[in-house]
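These are the residues of each chain, in order.
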Amino acid sequence: MSSTAVELIVNRDSRTRKLTSLKRIAGWATINNQNLRIAKEHGLPVDALLGAGEDLSGANPIMFVLLRNKVAHGEIEPFISDLSDYDPNAEKLATEHEAKMRKFVSEWYNTAPDVQEGRIRKHEWPK
């Protein structure tokens, strides 16, 4: 759910919505290093998604994207260290992922022209 919030903003924000440079699948820009670099260039607070020592220039996805991809595709074995119904490692990763999303959304909300200029009305984004 955390990555969905970020993807929604990247796809709906007026600064990125119509960018042809974003790589899209069936019209939807998924989050990956390249798309996040482009979103950052257009003013979205992408640095909020970075962990210590991470940047978007590398070929390997940042941890936020890597975790999103693995969970979305059901490849969670590398993140699970316990067979019980509670895994402290998985909880830590999920908490860190959520915290990065919350920071991104908060910074976006406080700076986005769509929000600051009242373009989002009755829960609808501008066309």
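Residues numbered from 1 in each chain as written. Predicted model: local features only at pLDDT ≥ 70, side-chain atom pairs only at ≥ 80, totals over all residues. Heavy atoms only, no water.

Core analysis: the largest hydrophobic core is formed by 24 residues, its most contacted members being Val6, Leu36, Leu44 and Phe104. Elements represented by at least two residues in this core include exactly α1 (2-12), α2 (33-41), α3 (63-72) and α4 (88-111). Residues within four places of Leu36 in sequence aside, it is in contact with Ile31, Val46, Leu49, Leu56, Ile62 and Val65. (Core = buried A, V, L, I, M, F, W, Y, C linked by side-chain atoms within 4.5 Å. Buried < 20%, exposed > 50% of the residue type's maximum accessible area, 1.4 Å probe, protein only. Helix = DSSP H or I, 4+ residues; strand = E, 2+ residues; numbered from the N terminus. Contact = heavy atoms within 4.5 Å.)

Right, let's get into the side chain of Asn35. In this structure, Asn35 sits in helix α2. Residue classification places Asn35 among the buried residues on the basis of a relative accessible area of 1%. Here the side chain of Asn35 touches Thr30 through a polar contact of 2.8 Å, landing on its backbone oxygen. Among all residues touching Asn35, those that are not within four sequence positions of it are Leu22, Lys23, Ala29 and Thr30. (Polar contact = N/O pair within 3.5 Å; in protein donor to acceptor, adjacent residues only side chain to side chain.)

Turning our eyes to something else, we now look at the pattern of salt bridges. Evaluation of the coordinates by the stated rule reveals seven salt bridges. The shortest N-O distance in the salt bridge between Arg68 and Glu7 comes to 3.2 Å. With Arg68 in helix α3 and Glu7 in helix α1, this pair connects stretches of sequence that are 61 residues apart. When sorted by exposure, Arg68 lands in the same class as Glu7, which is buried. Among the ionic pairs, Asp13 bridges to Arg15, the shortest N-O distance being 2.8 Å. On the basis of relative accessible area, Asp13 is assigned to the buried category, the value being 0%. (Salt bridge = Lys/Arg side-chain N within 4 Å of Asp/Glu carboxyl O.)

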